[in-house]
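Summary of the model geometry
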Amino acid sequence: MATTPDPAAGPPLISPADVDALVVGVSLLGSGGGGDAATFAGVLRQRLGGGQIALARPAELPDAWVVPVGVIGATHVLTEKLPNGREFRDAVEAVTRWTWQTPTALMALEAGGLNGLSALVAALDLGLPFVDADLMGRALPRLDQFTWAVRGLPVTPCALAEPNGQVLVVDNVGASGLERTARAFLSATGGWAALALPPTELRRAAPESATGSLARALALGRAHAALPRPAEPAEIAAALGGRMLATGRVLEIARRGHGHSFGRGSISIIDFADGSGSGSVVRLEAENEFLLALSDGEPTASCPDLLCLLDRRTAAPRTADTIRVGEEVIALVLPGPPWWRRGDVIGHVAPNAFGLDSPAVLLPDAAGRM
C-alpha cells in the first residue's frame, strides 16, 4: 500500500526518473479532471536536466513568502495555443511589482492533474524553492474552492499571464469575483493563462493549505508502478489505499451543458465484478472532475474523496473527457485530502455544492489512510 515518506527522512526529491510516477500520482489526485499531466512531463524533465527539486515542507521554510502558481482555463488547448515559456515569470513578476513583496518560494494552486507538475516547472524556471502545499489537495473546478478562499485569506492582488504576452492584474475582489473576471479574460484571450496569487507569509498560509499532496502523489505513482502487469482490480485498490467501486464496461456517456461555465456529464458502467455477467450499474457524475458515484441509484462515494477511472488492461488513470463507450475500466475511490474531510469545510466540495442531491459520502477514516 502507498505510504507517505517518513518526515524524519528529509524532504522528498523529484528527479527525472520520478516524473512518470508523479504523472500517475497527480492524475489520480485529479479525480478525472485537472488536465493531462503528461502535457508538462517533458518540460519538467528538461528543466530538471540531471538535477533534482525538493518538495520542501512548510516547517523547513518558516520565513518564506510564498506565491501559489498554476494554469487555469481550458487546459486541453495547451497543445493548440502553445506556451511562450514566460507565462509563470510574467505573472509572478506582476504580483511582485503590485505588492512590493518579493516571493522567496512557490507552491501549487492545485495538486491534481497538470498543475501538480506546472508549479514545479515554474519553481525551476524562477530558481525558487518549492513548498509541498497547495490550495486544493486534488483537482476542483472553481477558484472559489481554494482553501484560502474558504478560510478568508486574500486571493488578490493576483496576475494572469497568457501566451501572447498580455498580463492582467486583478485586485480588490473576492474569490467569486476573481472566478468571473478570470473566465471572461480567458474566453477573450485564447482559453488558458498562468495564474499567480499574492505573496503570503508561509507561516500564515500553510495552516490554510493542503500540505504533502505531491509527496502523496509520488507515493501513489510509485505504488502504481510496482503493480504486477496485468494486475487484478483488488490488487490495484489495495496498493493505492482505496476501495473498488466497479470493474466493467462503459455502457453510456451523457454530456450536457449546465447553467454555469462548466458542462456536466454522467458515465454509466456495467459492473461485472461479481462474475455474474449481469452486475449493477455504477454511474459517475462529473463536472470536469468526478463528483459522485451511485450504484443502482444509491450514492456510494463522492468528492472530496477521489473517484478515479483506470483502464482495465493497463491500469492507467483516465480523464472524464477521454472515456468512450465500450471501454473496459476499473472505478476506484481513494481517500481525499484531509483538509477537506472536516465538517466545517466539507460543504464547499460535497456533491450538493455542485447542485447534486447528495451529501458527501466518504470512506471511513481508517480505510486506506495515506
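Higher on the page you've got the structure.
Overview of the structure. Predicted model, so just to flag it, every value in this text is computed and none were measured.

1. Thoughts on the overall build of the protein chain
For the protein chain, the helix and strand inventory stands at 9 helices and 18 strands. For a compact globule of 370 residues, the expected C-alpha radius of gyration is about 21 Å, and the protein chain comes in at 20 Å, within 12% of that figure. In terms of principal-axis extent, the alpha carbons of the protein chain reach across some 65 × 45 × 40 Å. When the accessible surface of the protein chain is split by element, carbon and sulfur atoms take 53% of a total near 14500 Å².

2. Topic: the layout of surface pockets
Counted as a void, the largest pocket has a volume near 1200 Å³. Lining the largest pocket are 50 residues, with Gly33, Gly34, Gly35, Thr75 and Asp321 positioned closest to its centre. Of all the secondary structure elements, the ones that give two or more residues to the lining of the largest pocket are α1 (19–29), β3 (65–73), α6 (175–189), β11 (243–256), β12 (264–271), β13 (281–287) and β17 (317–318).

3. Considering the sheet that holds strand β15 (residues 298–302)
Strand order in this open sheet of 8 strands is β15-β14-β13-β12-β11-β18-β16-β17, and the pairing throughout is antiparallel. Among the strands making up the open sheet, the edge pair consists of β15 and β17. Examined bridge by bridge, β12 and β13 share 6 bridges and lie antiparallel to one another. Bridge assignment links Ile269 to a residue of β13, and that residue is Val282. Each of β16 (306–311), β17 and β18 (328–334) is contacted by α1, which is oriented at about 130° to β16, the strand it contacts most.

4. Considering the environment of Pro103
Tracing the backbone shows Pro103 in the loop between α3 (87–99) and β4 (105–108). Distance in space between the C-alpha atoms of Pro103 and Glu93 is 9.3 Å, their sequence separation being 10 residues. Every residue in contact with Pro103, bar those within four places of it in the chain, is listed here: Trp65, Val67, Val92, Thr96 and Leu128.

5. A few points about the packing of α1 against helix α4 (residues 115–126)
α4 packs onto α1 with a crossing angle of 130° between their chain directions and a minimal axis gap of 9 Å. One finds that α1 runs oblique with respect to α4. Counting all contacts with α1, which are made through Leu22, Val23 and Val26, the residues of α4 involved are Gly116, Leu117 and Leu120. Each residue belonging to the contact of α1 with α4 can be placed in one class, and the counts come to 5 nonpolar, 1 polar and no charged.

6. Some thoughts on the nonpolar core
Within the largest apolar cluster, 62 residues are counted, with the highest numbers of intra-cluster contacts made by Leu22, Val69, Leu106, Phe130 and Ile236. Here this core gets 8 residues from one element, more than from any other, and that element is α1. Counting 41 residues, the second largest nonpolar core, distinct from the first, contains Ala105, Trp148, Leu197 and Phe354.

7. A word on the packing of aromatic side chains
Overall, the coordinates contain 1 aromatic pair when judged by the stated rule. Geometry around Trp339 places Arg342 over its ring, the cationic atom sitting 4.8 Å from the centre.

8. A closer look at the pairing of β11
Side chains on a regular strand alternate between the two faces of the sheet. Here β11 pairs with β18 via 6 bridges, running antiparallel. Looking across to β18, one finds that Met244 is bridged to Leu332. Strand direction decides the pairing type here: β11 and β12, joined by 8 bridges, are antiparallel. Paired with Glu252 across the two strands is Ser268, which belongs to β12.

9. Some remarks on the pattern of salt bridges
Taken as a whole, this structure holds 19 salt bridges when the rule is applied. Where Arg142 meets Asp144, a salt bridge forms, and the shortest distance between an N and an O atom there is 2.9 Å. Among the ionic pairs, Asp305 bridges to Arg341, the shortest N-O distance being 2.8 Å. Note that Asp305 is positioned in the loop between β15 and β16 and Arg341 in the segment after β18, a separation of 36 residues in sequence. Through salt bridges with shared partners, one network takes in Arg151, Glu208, Arg342 and Asp344.

10. So, the environment of Val66
Relative to the helices and strands, Val66 resides in strand β3. Sequence spacing of Val66 and Pro198 is 132 residues, and the spatial spacing of their C-alpha atoms is 8.2 Å. If sequence neighbours within four positions are ignored, Val66 has contacts with Ala105, Leu106, Met107, Val131, Pro198, Pro199, Thr200, Leu202 and Ala205.

11. Observations concerning helix α8 (residues 213–225)
Taking 1.5 Å per residue, 13 residues should reach 18 Å; α8 reaches 18 Å between its end C-alpha atoms and fits that length. Burial within α8 is extensive, with 11 of its 13 residues counted as buried. Of all the positions in α8, only Ser213, Leu214, Ala215, Arg216, Ala217, Leu218, Ala219, Leu220, Gly221, Ala223 and His224 are classed as buried.

Analysis parameters
- Residues numbered from 1 in each chain as written.
- Predicted model: local features only at pLDDT ≥ 70, side-chain atom pairs only at ≥ 80, totals over all residues.
- Heavy atoms only, no water.
- Helix = DSSP H or I, 4+ residues; strand = E, 2+ residues; numbered from the N terminus.
- Rg over C-alpha atoms; globule rule 2.2 N^0.38 Å.
- Areas by Shrake-Rupley, 256 points an atom, 1.4 Å probe, with all protein chains shown as cover.
- 1 Å grid on protein atoms, 1.4 Å probe; cavity = no way out; pocket = protein on both sides within 12 Å on 5 of 7 lines; lining within 4 Å.
- Points joined across faces, edges and corners; volume = space filled by probe spheres on them.
- Pairing = 2+ DSSP bridges.
- Contact = heavy atoms within 4.5 Å.
- Axes fitted to C-alpha atoms, helices over the stretch in contact; angles between N-to-C directions.
- Parallel < 35°, antiparallel > 145°, perpendicular 65-115°, else oblique.
- Nonpolar A, V, L, I, M, F, W, Y, C, P; charged D, E, K, R; others polar.
- Core = buried A, V, L, I, M, F, W, Y, C linked by side-chain atoms within 4.5 Å.
- Buried < 20%, exposed > 50% of the residue type's maximum accessible area, 1.4 Å probe, protein only.
- Phe/Tyr/Trp six-rings, centres within 6.5 Å; stacked < 30°, edge-to-face > 60°.
- Lys NZ or Arg CZ within 6 Å of the ring centre and 35° of its normal.
- Salt bridge = Lys/Arg side-chain N within 4 Å of Asp/Glu carboxyl O.
- Expected span 1.5 Å × (residues − 1).

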